[in-house]
Amino acid sequence: IWEDDCSDPNTWVFTNTSVGPTLDWEYTTNTDIQSQCVTGLPTSLQIFNSTTASNGFMIINSDAAPGNTDNNGSPIVCEFTTATPIDLTAYPNVQLTYQHSFRWWQDTRGVRVSGDNGQTWTDFEITDFTNYYTPAQNSDNPHISTYDISAIAGGQSEVLVQFYYNDNDIWGWYWTVDDVSISVLPDNLVVSSEEVIGGWWINYQTVGGLGQDYTSYPLSQATANPYAFESVLRNGGIAPQDATMYANVTGAGTFSTSSNTITLAAG
């Protein structure tokens, strides 16, 4: 329905409420993120790999801010927002997708969506002061985030999208954003969500049923304790979906099973 490949910064409005020296989101075509950071990044994050990174993207780089030290009274707080409202009047079921990469260090980042031209907002937070994305500290490159925004923006005529960042007055790292789009929800889409969701096995003699994703386990321990195989799925489409889980164990001992089929309603 709508897309912005971040090749023209004039399609966005930049705002800043930082204290002291300000650092804004910037438009850049320099995909070498390592060259823009003061300290070393892992190899996986050194070059931004979004689909259209070569024609430009947005970056906020707390790591490279001059004079930036922890708790010095100068938090970096800034946003970039779609300059023109997006008309989704004809589309009741919609999703927001974008590509990004980042390294976390006690900084807050996320995207928010408004269906009423900025009067009210709904936040989709990725990291905050104490909690970070999985895998810890480092994102995929690019990570593709998708949110069902039907309840907020579906059928609305003045939709805005805003990316927000706050380094919480900590010498944080960076965040890049590119290839933002809004599309119609597909009929059929069973996905894992933005949280840590997937499949695991559980030893129910552990208090709280701690999930473990080990690929091997001592047979003597496995035979002495009951285990259950579990998973979490989300229906991201608009049609009901039937789902069945299958588990297969191979090695010194073998085991195969399948769950009862469940029906996942939309959402």
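Placed above this text is the structure.
Residues numbered from 1 in each chain as written. Predicted model: local features only at pLDDT ≥ 70, side-chain atom pairs only at ≥ 80, totals over all residues. Heavy atoms only, no water.

Burial of strand β7 (residues 108-114) is extensive: seven of the seven residues sit out of reach of the surface. Neither face of β7 is open: one carries Thr 108, Gly 110, Arg 112 and Ser 114, the other Arg 109, Val 111 and Val 113, and all of them are buried. Sheet analysis places β7 next to strand β10 (residues 160-166), joined by seven bridges and oriented antiparallel. When the bridges of β10 are listed, Gly 110 appears paired with Tyr 164. Relative to strand β8 (residues 122-127), β7 runs antiparallel, the two being bridged by five bridges. The residue of β8 that forms the bridge with Val 113 is Thr 122. (Buried < 20%, exposed > 50% of the residue type's maximum accessible area, 1.4 Å probe, protein only. Helix = DSSP H or I, 4+ residues; strand = E, 2+ residues; numbered from the N terminus. Pairing = 2+ DSSP bridges.)

Once that is clear, we can look at the nonpolar core. Grouped together as the largest cluster of nonpolar side chains are 33 residues, with contacts concentrated most on Trp 25, Phe 163 and Trp 175. Of all elements in the fold, only β4 (57-61), β5 (77-82), β6 (94-103), β7, β8, β10 and β11 (174-184) reach the threshold of two or more residues within this core. Excluding residues within four positions of it along the chain, Trp 25 makes contact with Phe 14, Met 58, Ile 59, Ile 60, Cys 78, Glu 79, Phe 80, Phe 163, Tyr 165, Trp 175 and Val 177. Counting residues in hydrophobic clusters, the runner-up holds ten residues, among them Ile 33, Cys 37, Phe 48 and Trp 173. (Core = buried A, V, L, I, M, F, W, Y, C linked by side-chain atoms within 4.5 Å. Contact = heavy atoms within 4.5 Å.)

We now examine the sheet that holds β5. Spatial strand order, β2-β5-β10-β7-β8: five strands in an open sheet with antiparallel pairing. Lying at the two open borders of the sheet, with one neighbouring strand each, are β2 (12-16) and β8. Taken over all neighbouring pairs, the strand axes of this sheet differ in orientation by 20° on average, direction set aside. With five bridges connecting them, β5 and β10 associate as antiparallel partners. Opposite Phe 80, over in β10, you have Phe 163 as the bridge partner. (Axes fitted to C-alpha atoms, helices over the stretch in contact; angles between N-to-C directions.)

Attention now moves to the pairing of β4. Where a strand is regular, its side chains alternate between the two sheet faces. With five of its five residues buried, β4 lies for the most part within the structure. With burial as the criterion, each face of β4 is covered, one bearing Phe 57, Ile 59 and Asn 61 and the other bearing Met 58 and Ile 60. Sheet analysis places strand β3 (residues 26-28) next to β4, joined by three bridges and oriented antiparallel. When the bridges of β4 are listed, Thr 28 appears paired with Phe 57. Relative to β11, β4 runs antiparallel, the two being bridged by four bridges. Considered in β11, the bridge of Ile 60 is made with Trp 175.

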